[in-house]
Structures are given as C-alpha cells and as structure tokens.
Amino acid sequence: MNYPADRTNEQRQFLPMAANTCNDLLHLVAPLIRKADTSYKDSIPAEERLAVTLRYLASGGPYSDLLKEFKIPVSTTSYVIPETCDAIYRALQKKYLKFPRTVEDWQHIQDEFFDKWGFPQCIGVLDGRHVRIQCPQKSGLLYQNYLHFHSVVLLTLVDADCRFLYYEAGAPGGSGDASIWNQSFLKASLDGNELNTPVPEKLPGSGAVIPSIIVADSAFQMSSRVMTAYSQEVLSEKQEVFNNHLSHVKQVAENTFNILASRFGVYHSPMRIDPPRIKSILLATIALHNFLLDCKDQRYCNAGDDGKLSSFYVTDSSEWQQNAKASFTGLQAALNDGHQQAANGEKIREALRDYFNNAGVGCRQNCIV
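Brief notes about the pattern of salt bridges
Summed over all chains, the structure comprises 11 salt bridges. Here arginine 49 ties to glutamate 83 by a salt bridge, and the two come within 3.8 Å at their closest N and O atoms. Residue arginine 49 is located in helix H3 (residues 46-59), and its partner glutamate 83 is located in helix H5 (residues 74-96); the two are separated by 34 residues in the primary sequence. Note that aspartate 161 is salt-bridged to lysine 116, the shortest N-O span being 2.4 Å. A residue pair is termed long-range when its members are at least 10 positions apart, and aspartate 161 in the loop between strand S2 (151-158) and strand S3 (164-172) and lysine 116 in helix H6 (residues 103-117) qualify at 45 residues. In the salt-bridge network here, residues are joined through shared partners; they are Glu112, Lys116, Asp161, Arg163 and Asp294.

Below you can see the structure in the form of structure tokens.
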C-alpha cells in the first residue's frame, strides 16, 4: 500500500517528509486505522485518514479548512484525526519512543552528550513547554497557567541528538511543573536508583566522582541527580563559566522544541479541541519527530557537519527562531523561592564548576559558542 502520487506531492507541500518516508509511515499505521466498508457506505481509506491528519498537524488550522481539500465532513474529521493520532503514537511508540532500560543505553546517551556537547555524566536535558489551548468548558482555572493563558504542559527529557527520551504530556497548565515532575515515573525511578544508569565516575582529569545527572533549568529543584545553574544575582567568574556550559548543553532542549514547533503548525495557535484529544496530538507529534529523525529525513531536519542539530535546516534562522518561540512559552522558575539546595547536589555542582574551570578548559573552548 502506497500513497497515490498526487497525494504524496500534496503531502510533501505541507509536511516536510520524503515520499518514501510517507509510505513507510503508512505501512506502519494503516493496520490500525483501516476500516471495513459497510452496506451503507464505503469507509475512508487509510491513506486518506493519514493524509488529512498529517495535513492538520502541519497546518494547525480549524477542521473546516480541511473540508474543501479532502471532502470529509467536519463531524467526521473531528474523530478521524484523534483516532489517527492515537494510531500514529501506538505504531511508533515501541521503536521510536523507546525509553532507555539498560546501563548500555544510558552509557551511550552519556557518551553522546560528552562528545557532542562537552558535558560529562549527562543523561538528558529536562525541559517543558506550555502549549496554548482554548479554555475548556467548565474548567475554571484548572488550565490557566501563571502567565495567565490556558495551556497544557509537555514535559520532556531529550538526548544529545534532539530525540525525546521521556515525556509527560497533557497535564493542565495550572498544575505547575513541580507537581508534574514530582509525580512522574522518571523522578521516582531516578530518586530510587532504578534507572540502571552507569555507576558514578571520575570527571576527566579530576579526582571528583559524580553520578549520572540530568540537566535542567531553575524551574526544577536541584538535587544530586538534577543539575541546575547558579541563580544568585552576583556570580563569581567560575560560577559564570559553569552557567555558560550548562546553558550551552540546555540548547539541545530548545533546539528540540523549536524543530517540533516549526515543522508542526498545530503548535502555532491555541488548540481548540478537548484536552484528551490535545494529548493525542502531542503524543503523535513527538512520535513523528523521533521517527523522522531516525529515518534521517532531510526534509524534516538536517544535522550540521558536527552531527549536532543546532545549525538547523532553514535559510533564515532568525525568522525560524522567532516563529518557533511564538509557538511555545517555556516553563519558568515558579518554584525558586523558598527551596533549599540539596547538599549533595551542591557538592556535585561545585565539582563540575571546578572541572569546567580547570580540567575542562579545552572542552569549554570547543563547546561554548
């Protein structure tokens, strides 16, 4: 089963995806979305179901905009798209959103962060975004975030190649990042030492031994496994060097969200559907993101000569960055006040600070841009 030639060309116009990638995706998803014809009417073919869904994800316009192009009634589109999004996620999840389970998996991720971003012992960058939505009926302030617009939260952990490793999607914007993170499987597993991460190692050229860590911004509380920047107003030179290096590796999360937003226009305006269906869209887009990166589809995103996805894939990067930033609003440090830094976390941060100022000087010169 393949896309018809005209549909493939049409699809490529809206979602940067090569024809063979479209066909690969269709083969994976079709068994989950194919419907049998009835005596009353013919079912919508799997090709058409996938096409209208990808068209919606790429444009983000209202369902009524799809009526002229696909001749599918809005009432039908309203359930075809969420069903197909669910199918995309189910078809891609096992292979393309595989959570690291072994020491070898985590060691590979850790090595990639050191080789590509110059940050030792890092197993991921934790970050989140508020995705704008239309206020659901009778929801009160549940979905209103601290910036006073309605949203759901997409909280993710990404690897050195801008792939999603872990995700919590669809929590109400009023929940706050702390409650989402504190109730997550990832935090519970990290705190309980159940992730099978590599054993603590000495920093290169240093005697300090530190465990595998997650890099995050100041919206998250620092601990022995979650590393954040120095937040006081007056910083020493060594603290500024550490913050610069932490900011540099955090770019991988910014890059990931910017790629996602720039390629999927559904993020460009408030989503005007029910929250459960919004979650389906979020899960489908992050699954497609990983799928397209793993397929090395150059219509989706190109890597630079150094293997990083930091140079991106558009001619005018400033315009692209501006458009992408308009799609998401970052989770801010809503919980900075009143939190005391964990003693072990502070010791590890000091060790990394000294590393970047001494043993890591050569790495710093190569990585800080």
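Let us keep going from here.
A look at the packing of aromatic side chains
A full pass over the atoms with the stated rule returns 13 aromatic pairs. The interplanar angle of 55 degrees and the centroid separation of 5.2 Å between the aromatic rings of phenylalanine 119 and phenylalanine 356 together place this pair among those described as tilted. Of this pair, phenylalanine 119 sits in the loop between H6 and strand S1 (122-132) while phenylalanine 356 is found in helix H12 (residues 343-357), placing the two residues 237 residues apart along the sequence. Under the relative-accessibility criterion, phenylalanine 119 is labelled buried at 0%. Its end group placed over the ring of phenylalanine 149, arginine 132 keeps NZ or CZ at 3.9 Å from the ring centre.

Topic: the pairing of strand S6 (residues 213-216)
Where burial is concerned, the two faces of S6 agree: the one with Ile213 and Val215 and the one with Ile214 and Ala216 are both buried. Summarising the sheet, S1 and S6 pair through 3 bridges and their orientation is parallel. Following the sheet pairing, valine 125 is matched in S6 by valine 215. Examined bridge by bridge, S6 and strand S7 (residues 226-227) share 2 bridges and lie parallel to one another. Counterpart to isoleucine 214 in the pairing with S7 is valine 226.

Let's talk about the packing of H5 against helix H10 (residues 275-294)
Axis separation between H5 and H10 bottoms out at 8 Å; the angle between their running directions is 45 degrees. In terms of their interaxial angle, H5 and H10 are classed as oblique. Considering how the two elements wind past one another, H5 and H10 form a crossing that is left-handed. Contacts between H5 and H10 involve Ser78, Pro82, Cys85, Asp86, Ile88, Tyr89, Leu92 and Tyr96 on the former and, on the latter, Arg277, Ser280, Ile281, Leu283, Ala284, Ala287, Leu288, Asn290, Phe291 and Asp294. Considered class by class, the residues forming the contact of H5 with H10 number 12 nonpolar, 3 polar and 3 charged.

Structural notes on helix H9 (residues 237-263)
The periodicity of an α-helix, 3.6 residues per turn, causes residues three or four places apart in sequence to face the same way. Its 27 residues give H9 an end-to-end C-alpha distance of 39 Å, which sits within 8% of 39 Å, the value for a rise of 1.5 Å per residue. Where H9 bends most, the angle comes to about 30 degrees, and this point is lysine 250.

Observations concerning the packing of H3 against H10
Packed helices, taken two at a time, are described by the angle between their axes plus the distance between the axes. Where H3 contacts H10, the two axes come as close as 12 Å, and the packing angle between them is 90 degrees. By the angle between their directions, the pair H3 and H10 is classed as roughly perpendicular. On H10, the residues that touch Leu54, Tyr56 and Leu57 of H3 are Ile281, Thr285 and Leu288. Taken together, the residues of the contact of H3 with H10 sort by class into 5 nonpolar, 1 polar and no charged.

Some thoughts on the nonpolar core
The tendency in soluble globular proteins is for nonpolar side chains to be buried as a group. Counting residues in hydrophobic clusters, the biggest one holds 103 residues, and the most contacted among them are Leu25, Tyr56, Phe113, Phe119, Tyr267, Met271 and Leu352. Top contributing element to this core by residue count: H10, with 11 residues.

Focus on the confidence of the model for the chain
Looking at the chain, the pLDDT average stands at 83 and 81% of residues meet or exceed 70. The low-confidence segment residues 309-320, where pLDDT is below 50, has 29 contacts with residues more than four positions distant or belonging to other chains. For residues 332-341, every residue scores under 50 in pLDDT, and the model assigns this stretch 16 contacts once sequence neighbours within four places are set aside.

Regarding the environment of proline 275
Note that proline 275 resides in helix H10. For proline 275, a relative accessible area of 17% puts it in the buried group. A sequence separation of 105 residues divides proline 275 from glycine 170, and the C-alpha atoms of the two residues are 7.0 Å apart. The contacts of proline 275, once residues within four sequence positions are left out, are Pro136 and Tyr143.

Conventions adopted
- Residues numbered from 1 in each chain as written.
- Predicted model: local features only at pLDDT ≥ 70, side-chain atom pairs only at ≥ 80, totals over all residues.
- Heavy atoms only, no water.
- Salt bridge = Lys/Arg side-chain N within 4 Å of Asp/Glu carboxyl O.
- Helix = DSSP H or I, 4+ residues; strand = E, 2+ residues; numbered from the N terminus.
- Phe/Tyr/Trp six-rings, centres within 6.5 Å; stacked < 30°, edge-to-face > 60°.
- Buried < 20%, exposed > 50% of the residue type's maximum accessible area, 1.4 Å probe, protein only.
- Lys NZ or Arg CZ within 6 Å of the ring centre and 35° of its normal.
- Pairing = 2+ DSSP bridges.
- Axes fitted to C-alpha atoms, helices over the stretch in contact; angles between N-to-C directions.
- Parallel < 35°, antiparallel > 145°, perpendicular 65-115°, else oblique.
- Left-handed = near helix turned anticlockwise from the far one by under 90°.
- Contact = heavy atoms within 4.5 Å.
- Nonpolar A, V, L, I, M, F, W, Y, C, P; charged D, E, K, R; others polar.
- Expected span 1.5 Å × (residues − 1).
- Bend = angle between axes of the 7 residues up to and from the residue.
- Core = buried A, V, L, I, M, F, W, Y, C linked by side-chain atoms within 4.5 Å.
- pLDDT = per-residue confidence, 0-100.

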